[in-house]
Amino acid sequence: MKIRYLEIFDTIMRTHSLTEAARVLNMSQPALSKMLTHAEDQIGVPLFNRRRGRISPTTEALQLFKETEALFDRLHDVQRMASEIRDSRVATVRVASIQTLGTSALPRLIREFREEHPRVRFSIQLMPPRQVIESTSKGDVDLGLMLSPIQGTDIRKVELGRSELFCAVRREHRLASLERIPLSQLLGETLITGNRNYLFGLHLENLFGAIGAIPEIACQVSTSFVACALVEEGVGVGLVDGFAVDRYFPALVARPLDPTMALDPHLIFSSRQELAHPVERFMAHVRERFLGCVGEISPTSQSLDDDGRPANKGAREHSG
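Residues numbered from 1 in each chain as written. Predicted model: local features only at pLDDT ≥ 70, side-chain atom pairs only at ≥ 80, totals over all residues. Heavy atoms only, no water.

1. Let's talk about the overall build of the chain
- Broken down by element type, the chain carries twelve helices and 16 strands.
- For the chain, contacts bridging at least 24 residues in sequence account for 72% of all contacts bridging at least 6.
- Total accessible area on the chain stands at roughly 16,600 Å², and carbon and sulfur atoms take up 48% of it. (Helix = DSSP H or I, 4+ residues; strand = E, 2+ residues; numbered from the N terminus. Contact = heavy atoms within 4.5 Å. Areas by Shrake-Rupley, 256 points an atom, 1.4 Å probe, with all protein chains shown as cover.)

Okay, here's the thing in structure tokens:
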């Protein structure tokens, strides 16, 4: 099918009107209707039902729109970037992040950065860890922000500090009074933990190997946010990264486990692509400010050194 036919179809679907679509495309309605008919002839199925001057998409049209919507959204992004390059404007910094870091530390880091670089734009996507790695490796984003281990020679990482796994409980829970929660204390509890797409679920058996048993698991979730929401509702106690507990779930407290699991927040980027200067500047800002930002936002998840004290070491860059 000709790209012009796809553009006409996509515009009609977005505007829900032949008249409005013709106006947007700067063409007459009869000409648009004629080209739409040609498009349907090429596909071999009707795309719209026509009744009393109104149109409604067919099932086939709804399926096709899922693809054309993504296609033209991406095309508009490319056109905007081309305009910015032509006009010597600053390119967009594209970041993929896991949910807790993307809603706790990342907003403040961006705000601070834009105070010094107000013309820099950001595109933020919240994803599960595996998708963060995949999007970064493919070059769909410039930087990834995450906790999980990474694999692959085409990915490099910048360490941002060290934290650990927490147990989130309601404030009135018996475990809330403990400074650290022994794993053995969880055996009588109903547990909420991550699934195998997330760091905690993948290493759960290793974590509880120290006591030779795993508590009853009520729910496996994809993010610590979901785990905290379930804990807040009284479903059980949750194993979480702790970065959002203090800020978004005031009814909960998060206590470190004993023994615990180390968490290593880090930025990742593809070694196959050259980083634009705005991306490099933002990466340097994150390296410098991450520990302080996390400590200000969520004391529970303040990064720790190897002795369990608040860390203030510089970030380090490694190959993945």
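2. Structural notes on the pairing of strand E3 (residues 92-97)
- The element E3 is extensively covered by neighbouring structure, given that five of its six residues are classed as buried.
- Relative to strand E4 (residues 121-126), E3 runs parallel, the two being bridged by six bridges. By the bridge assignment for E4, Ala96 is matched with Gln125. (Buried < 20%, exposed > 50% of the residue type's maximum accessible area, 1.4 Å probe, protein only. Pairing = 2+ DSSP bridges.)

3. A word on helix H10 (residues 224-232)
- Within H10, the full set of buried residues consists of Ser224, Phe225, Ala227, Cys228 and Val231. For H10, the arc enclosing every buried residue in end-on projection is 160 degrees, short of the 170-degree limit, so these residues lie on one face.
- Of the residues trailing H10, Gly234 is marked for its positive phi of about 85 degrees. (Arc of directions from axis to C-beta.)

4. Some points on the packing of aromatic side chains
- If you walk through the whole model with that rule in mind, you get seven aromatic pairs.
- On the numbers, 6.0 Å between centres and 85 degrees between planes, the contact of Phe113 with Phe122 is edge-to-face.
- On the basis of relative accessible area, Phe113 is assigned to the buried category, the value being 3%.
- For the ring pair Phe225 and Phe249, a centre distance of 5.7 Å and an interplane angle of 65 degrees mean the geometry is edge-to-face. Residue Phe225 is located in helix H10, and its partner Phe249 is located in the loop between helix H11 (245-248) and strand E13 (252-258); the two are separated by 24 residues in the primary sequence. For the pair Phe225 and Phe249, one class covers both residues: buried. (Phe/Tyr/Trp six-rings, centres within 6.5 Å; stacked < 30°, edge-to-face > 60°.)

5. Looking at the nonpolar core
- Core analysis: the biggest nonpolar cluster contains 55 residues, and Leu186, Leu239, Leu257, Phe282 and Phe290 have the highest contact counts within it.
- Here this core gets eight residues from one element, more than from any other, and that element is helix H12 (residues 277-297).
- Not counting residues up to four positions away in its chain, the partners in contact with Leu186 are Cys167, Leu175, Ile181, Phe208, Pro215, Val237, Leu239 and Leu257.
- Core analysis: the next-biggest nonpolar cluster, separate from the first, contains 15 residues, Ile8, Leu18, Ala21 and Leu32 among them. (Core = buried A, V, L, I, M, F, W, Y, C linked by side-chain atoms within 4.5 Å.)

6. Comments concerning the side chain of Glu164
- Within the secondary structure, Glu164 is located in strand E7 (residues 163-164).
- You can call Glu164 buried: its relative accessible area is 6%.
- Among the polar contacts made by the side chain of Glu164, one reaches the side chain of Arg180 at a distance of 2.9 Å. (Polar contact = N/O pair within 3.5 Å; in protein donor to acceptor, adjacent residues only side chain to side chain.)

7. Some details on the pattern of salt bridges
- The final tally for this structure, using the stated rule, is 13 salt bridges.
- A salt bridge links Arg14 to Asp10, with the nearest nitrogen and oxygen atoms 2.5 Å apart. Residue Arg14 and its partner Asp10 are located together in helix H1 (residues 3-15), separated by four residues, close to a single helical turn.
- Residue classification places Arg14 among the partly exposed residues on the basis of a relative accessible area of 34%.
- As a salt-bridge pair, Arg50 and Glu40 come within 3.1 Å of each other at their nearest N and O atoms. Highlighted residues: Arg50 in strand E1 (residues 48-51) and Glu40 in helix H3 (residues 29-43), separated in sequence by ten residues.
- Three or more residues are tied together by salt bridges with common partners; here these are Asp10, Arg14 and Asp73. (Salt bridge = Lys/Arg side-chain N within 4 Å of Asp/Glu carboxyl O.)

8. A closer look at the sheet that holds E13
- Pairing within the open sheet is mixed, and its six strands lie in the order E9-E13-E8-E12-E10-E11. Of all strands in the sheet, those bounded by a partner on one side alone are strand E9 (181-182) and strand E11 (216-221).
- Bridging between strand E10 (residues 190-194) and strand E12 (residues 237-240) involves two bridges; their strand directions are parallel. When the bridges of E12 are listed, Leu191 appears paired with Val237.

9. What about the environment of Ala168?
- When you line up the elements, Ala168 lands in strand E8 (residues 166-170).
- When the C-alpha atoms of Ala168 and Glu232 are compared, they prove to be 9.1 Å apart, with 64 residues separating the residues in sequence.
- Those residues in contact with Ala168 that lie beyond four places of it in its chain are Val231, Val237, Gly238, Val240, Leu252, Val253 and Ala254.

10. Some details on the confidence of the model for the chain
- Per-residue confidence for the chain gives a mean pLDDT of 84, with 86% of residues at or over 70.
- Considering only residues more than four positions removed or in separate chains, one finds that residues 303-316, a stretch of pLDDT under 50, has 33 contacts. (pLDDT = per-residue confidence, 0-100.)

11. Focus on helix H7 (residues 129-138)
- Buried residues of H7: Pro129, Val132, Ile133, Ser135, Thr136 and Ser137, and no others.
- One or two steps after H7, the chain reaches Gly139, where phi turns positive at roughly 85 degrees.

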